[in-house]
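Close look at the chain arrangement
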Amino acid sequence: MAETNTKETKKYSRMDFVSDQAVRWCPGCGDYAVLSQTQKVFPDLNIDKENIVFISGIGCSSRFPYYMNTYGMHTIHGRAPAIATGIALANPELTVWVVTGDGDALSIGGNHLIHALRRNVNLNIILFNNQIYGLTKGQYSPTSEVGKRTKTSPMGSIDRPFNPVSLALGAEGSFVARSIDMDRTHTMSMLKAMYEHQGTGLLEVYQNCNVFNDKAFLDLTDKGSRDANRIWLEDGEPIVFGADAEYGVVVDGEGARVVEVAKAGHRNIHVHDASAANPAVAFALSRLSYGPYGPTPLGVFRNVEVPNYGHEMERQIAEAQAKQG
């Protein structure tokens, strides 16, 4: 997020953020939905277009800068957070967005991602997670489940997958959230919440690759199962879910676990606190699911105010200049 804009900003529509480039993703790809949601929410953010920059690495999602009618840069594999960091620090007036995928961000780019998170640079990171390498035609990725059969794991992957939310919380990310490409309203609300946060934000979006990993998120998108598996995290509210709110989440010495509300009792259901300084409970919530299978938390896991890297750097520069007279 950029600094709060006090001057009057030009009024935009969604079409003001649509570029003249033909969108080239596979028909039915979840990327279309996220692009549309981003273009739709931006007029509500009160940002001047000339202060918006989109930075991407390599992968299907990394075509994003071409399709947003803003400034942007399609960089190299895994390095988007590093380049975005330089841009954000060089010009704090800019609102810098990073668009990346599970392969780009968590494999070759893993080191850059965790350091951007721990430094709390003013970045908004959208991480598309389709649990596969789509651009290179279907190899297993750092988020593919154990046993996943692909071109590079014909007998089934033996790698344990990353949980991007757990990884971000482990790096003490100050804003960490998760949404689904199919849920337009929720994804837009998460994008807006991330923008309003000062510091590094990471929004993981479960994004369907209908060519190489179709229906990977069926538990969360199918009408017959989604109510029983979507755990909505709402700050200050008890964590309950199910068609009749019959299930809930309890947090105790063993971590977070799903219970039946009638058996556990309403007073024992955990009340979500996204602003808790200690990320331990948010991390426990992120471990309720290992991938999008069964009950899975969605929403803001953590949203805390911690020192911003750019502000601290500017303070040190000002102090050094003052000493030099």
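Look up a bit, the structure's there.
In short, a report on the structure.

Rules behind the numbers
- Residues numbered from 1 in each chain as written.
- Predicted model: local features only at pLDDT ≥ 70, side-chain atom pairs only at ≥ 80, totals over all residues.
- Heavy atoms only, no water.
- Helix = DSSP H or I, 4+ residues; strand = E, 2+ residues; numbered from the N terminus.
- Rg over C-alpha atoms; globule rule 2.2 N^0.38 Å.
- Buried < 20%, exposed > 50% of the residue type's maximum accessible area, 1.4 Å probe, protein only.
- Contact = heavy atoms within 4.5 Å.
- Areas by Shrake-Rupley, 256 points an atom, 1.4 Å probe, with all protein chains shown as cover.
- Phe/Tyr/Trp six-rings, centres within 6.5 Å; stacked < 30°, edge-to-face > 60°.
- Lys NZ or Arg CZ within 6 Å of the ring centre and 35° of its normal.
- Core = buried A, V, L, I, M, F, W, Y, C linked by side-chain atoms within 4.5 Å.
- Salt bridge = Lys/Arg side-chain N within 4 Å of Asp/Glu carboxyl O.

Counting its secondary structure elements, the chain contains 12 helices and 11 strands. Computed over C-alpha atoms, the radius of gyration of the chain comes to 20 Å, within 12% of the 20 Å expected from 2.2 N^0.38 for 325 residues, which places it in the range of a compact globule. Per-residue burial for the chain yields a buried fraction of 52% across its 325 residues. Summarising the internal contacts of the chain: among those between residues at least 6 apart in sequence, 69% fall at separations of at least 24. On the chain, roughly 15200 Å² of surface is accessible, and the fraction owed to carbon and sulfur atoms is 52%.

The next thing to look at is the environment of Leu135. Considering the arrangement of structural elements, one finds Leu135 in the loop between β4 (123–129) and α6 (164–170). For Leu135, the residues in contact, after removing those within four places along its chain, are Ile58, Gly59, Cys60 and Arg63.

For the coordinates displayed, the defined rule picks out 12 aromatic pairs. A ring pair is formed by Phe42 and Phe54, whose centres lie 5.7 Å apart and whose planes are at 35 degrees; its orientation type is tilted. One end of the pair, Phe42, is in the loop between α1 (31–41) and β1 (52–56); the other, Phe54, is in strand β1, with 12 residues separating them in the sequence. Residue Phe42 is classed as buried on the basis of its relative accessible area, which comes to 1%. Site record: aromatic cluster; members linked through ring pairs are Tyr12, Phe17, Trp25, Tyr32, Phe42, Phe54, Phe64, Tyr67, Trp97 and Phe128. The ring of Phe17 has Lys49 lying over it, and the distance from NZ or CZ to the ring centre is 5.9 Å.

Turning our attention to the nonpolar core. Ranked by size, the top nonpolar core spans 35 residues in total, and within it Val96, Leu113, Leu123, Leu202, Val249, Leu285 and Phe301 carry the most contacts. Examining the composition of this core, we find that four residues originate from one element, helix α3 (residues 80–90), more than from any other. Those residues in contact with Val96 that lie beyond four places of it in its chain are Val53, Ile55, Ala84, Ile87, Ala88, Asn122, Leu123 and Asn124. Judged by nonpolar contacts, the second largest core, of 31 residues, contains Cys29, Ile47, Met68 and Ala274.

It is worth spelling out unusual backbone geometry at this point. As a rule of thumb, non-glycine residues mostly have phi less than zero, and peptide bonds are mostly trans rather than cis. Positive phi is not limited to glycine here, since Glu172 has a value of about 60 degrees. Here Glu172 is to be found in the loop between α6 and β5 (175–180). Relative accessible area serves as the criterion here: at 51%, Glu172 is assigned to the exposed category. Here the phi dihedral of Lys215 falls at roughly 65 degrees; this positive angle occurs in a residue that is not glycine. Within the secondary structure layout, Lys215 lies in the loop between β6 (201–206) and α8 (218–221). On the basis of relative accessibility, which here comes to 53%, the residue Lys215 falls in the exposed class.

Tallied over the entire structure, the rule returns eight salt bridges. Where Glu145 meets Lys148, a salt bridge forms, and the shortest distance between an N and an O atom there is 3.9 Å. The exposure class assigned to Lys148 is buried, which follows from its relative accessible area of 14%. One salt bridge connects Glu319 with Arg315, and the closest N-O pair in it is separated by 2.9 Å. Of this pair, Glu319 and Arg315 are both found in helix α12 (residues 309–324), four residues apart, which corresponds to roughly one turn of the helix. With relative accessibility at 39%, the residue Glu319 sits in the partly exposed group. Of the residues examined, Arg315 reaches a relative accessible area of 38% and is grouped as partly exposed. Residues joined in a network through salt bridges with shared partners are Glu312, Arg315 and Glu319.

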